[in-house]
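Report on the structure
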Amino acid sequence: MERGVVLLDFWPSMFGMRTRIALAEKEIKYEYREEDLRNKSDLLLQMNPVHKKIPVLIHNGKPVCESLNQVQYIDEVWNDRAPLLPANTYKRANARFWADFVDKKIYDLGSKIWRTKGEEQEAAKKEFIDCLKLLEGELGDNHYFGGKDFGYVDVALVPFYCWFYAYEQCGNFSIEAECPKLIAWAKRCMQKESVAKSLADQEKIYEFVLHLKKVFGIE
Amino acid sequence: MADQVKLFGMWASPYSRRVELALKLKGIPYEYIEEDLSNKSSLLLKYNPVHQKIPVLVHNGKSIPESLVILEYIDETWRNNPVLLPQDPYERSMARFWAKFVDEKILITTRMVSFTTGKEQEQAIEELTEQLKLLENELKGKPYFAGEAIGYLDIVVANFLVFWFRNLQEALGINMFTEEKFPIIFEWTEKLVKIKVVEECRIPKEKHLVYIRTRLEALKSASK
């Protein structure tokens, strides 16, 4: 079953990191291929003709696009180990809801924090923290969003942790000061090998953001 | 204990209608609560505090918001026919992919078509045509998006495109979604409306046209 798993990815992508974590949790051997997004490979364009984006998971020649789709696919195919989605249907719906919340909010707000200044940046910072606080509320006193066990929502959110340092530097604020519980959760996740190996180094992410700012002419 | 199912919805919302269609197809009895979106009920705000939107399904007191999440919940909880999502994980990932494509990409383009004029609108119409052709391609060689019988993606596409967008284009005075351009989707529509519950779940056309025209006018005067 593990025959022919390929991941087309880009090292700083928090979406790619989700899939890397899921593959690592399930101990699936795969080929990682780094894409140059300014010069996308023929394979990427062929496997994701609609969006032309990474990550793309290719299993036995067939592409699965969109990171949350990939995590669910991995969970459904390799269903004999390390379950990511809960067995209970209501808890599963709840997990999907919160992963969808992360998708709808966190990336765009985070991007606004490093791309903008002044009032726009302040508004983005405020809304970003409000969203993280909602997530803290959902986490409650649990070890993970999945409860006792690391699960789907943890996978969906934790990759953003390696981008927090860049957001903080660009936005001149401390996420830990506002959301200590969430940072404690993230550090707990980082103790898992699947997470530590899949996330990029936060200093490298910050360097990458500075490079992007130069390229886009943002101060 | 008998199942208690409530749906907080809004008559003109394709997202709300898609949940109703899923419930009706599965023969699940439910109580429908119409929400006035300009004056949201305290119950709606209690059941969907994060987004404060419809539709929200409440099953034995537990709330599930977000229409695509609700559809999967319905399918997993009531396992009777029709089974809405494919059994095969790859086919399932494709259904989810195209549903997101409708809700994220096609929605944005239809907004551009609605709120722009002249050249900008022409470009938006061109982009929408391309997106619809991609969708139509998924239907080739199959009676339904889901295969031999109506399923998840049929429900999503039918409510958004066929029952909502066709009215929208009439209200806007454009005619881009035609049988000529999209023969396969039109043939599929004809098949769908023969299913009694599908016809029952359609947004009532005349009422919808008035609603759309009023909203467009309000938005246009607000932006002046």
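Residues numbered from 1 in each chain as written. Chains lettered and ligands numbered in written order. Predicted model: local features only at pLDDT ≥ 70, side-chain atom pairs only at ≥ 80, totals over all residues. Heavy atoms only, no water.

**What about the overall build of chain B?**
Under the convention used in this document: Helix and strand assignments follow DSSP, with helices taken as H or I runs no shorter than four residues and strands as E runs no shorter than two, numbered in order from the N terminus. Only heavy atoms enter the contact rule, under which two residues are in contact if any of them lie within 4.5 Å. What sets the accessible areas is the Shrake-Rupley method with a 1.4 Å probe; for residues, cover comes only from the shown protein chains. Charge counting treats Lys and Arg as positive and Asp and Glu as negative, with His and both chain ends excluded. Where a charge lies is defined by one atom per residue type, namely NZ (Lys), CZ (Arg), CG (Asp) and CD (Glu).
When helices and strands are counted, chain B shows nine helices and four strands. Moving toward the C terminus, one meets the helices and strands of chain B in the order β-α-β-α-β-β-α-α-α-α-α-α-α. Considering only C-alpha atoms, chain B reaches an extent of 60 × 45 × 30 Å along its principal axes. Here the contacts in chain B between residues at least 6 apart in sequence split such that 68% fall between residues at least 24 apart. When the accessible surface of chain B is split by element, carbon and sulfur atoms take 52% of a total near 10700 Å². Across chain B, the centroid of the 31 positively charged side chains sits 3 Å from that of the 32 negatively charged ones.

**Considerations on the sheet that holds strand β3 (residues 56-59) of chain A**
Paired through backbone hydrogen bonds, the strands of a sheet run either parallel or antiparallel to each other. Residue and element names in this part refer to chain A. Rule in force here: When DSSP locates at least two bridges between a pair of strands, those strands are taken to pair. All axes are obtained by fitting lines to C-alpha atoms, using only the stretch in contact for helices, and the reported angles, taken between N-to-C directions, cover 0 to 180 degrees.
Sheet architecture is open: four strands sit in the order β2-β1-β3-β4, paired in mixed fashion. Each of the sheet's edge strands pairs with one partner strand only, and the pair in question is β2 (31-34) and β4 (62-65). Going from strand to strand, the sheet's axes swing by 20° on average, the running direction of each strand aside. Bridge analysis of β3 against β4 gives four bridges, and the strand direction is antiparallel. Bridge assignment links Leu57 to a residue of β4, and that residue is Val64. Lying over the sheet, helix α1 (residues 14-25) contacts β1 (5-9), β2 and β3, oriented at roughly 155° with respect to β1.

**Structural notes on the interface of chain A and chain B**
Stated precisely, the cut-off is as follows: Defined in terms of a 1.4 Å probe, buried area is the accessible area two parts forfeit on being brought together, summed over both. One speaks of a salt bridge when a side-chain nitrogen belonging to Lys or Arg is within 4 Å of a carboxyl oxygen belonging to Asp or Glu. Within 3.5 Å is the distance limit for a polar contact, defined as a pair of N or O atoms, with the added protein rule that one can donate a hydrogen and the other accept it, and that residues adjacent in sequence qualify only through two side-chain atoms.
Taken together, the contacts link 23 residues of chain A with 24 residues of chain B. A combined buried area of about 2300 Å² lies between chain A and chain B, and 64% of that area is made up of carbon and sulfur atoms. Of all residues in chain A, A:Tyr90, A:Arg96 and A:Phe97 bury the most surface against chain B, accounting for 27% of the area lost on that side. The interface formed by chain A and chain B includes seven salt bridges. Here A:Arg92 and B:Glu76 are joined by a salt bridge, their closest N and O atoms 3.1 Å apart. Our count for the contact surface shared by chain A and chain B stands at 11 residue pairs in polar contact (both at pLDDT 80 or more). Ranked by residues supplied to the side of chain A that touches chain B, first place goes to helix α4 (residues 89-115) of chain A with 10 residues.

**Description of the packing of aromatic side chains**
Residues and elements named next belong to chain A. Filter applied, for reference: For this analysis, a ring pair means two rings from Phe, Tyr or Trp (six-membered ring only for Trp) whose centres lie within 6.5 Å, classed as stacked if their planes differ by under 30 degrees, edge-to-face if by over 60, and tilted for the remaining angles. The classification of residues rests on relative accessible area computed with a 1.4 Å probe and restricted to protein chains. Under 20% of the type maximum is buried, over 50% is exposed, and intermediate values are partly exposed.
Applying the stated criterion across every chain, the model contains 26 aromatic pairs over all chains. For the ring pair Phe128 and Phe164, a centre distance of 5.9 Å and an interplane angle of 85° mean the geometry is edge-to-face. Placement of Phe128 in helix α5 (residues 118-139) and of Phe164 in helix α7 (residues 161-171) is noted, with a sequence separation of 36 residues between them. Neither Phe128 nor Phe164 differs from the other in exposure class; each is buried.

All we've got here are geometric facts, nothing functional implied.
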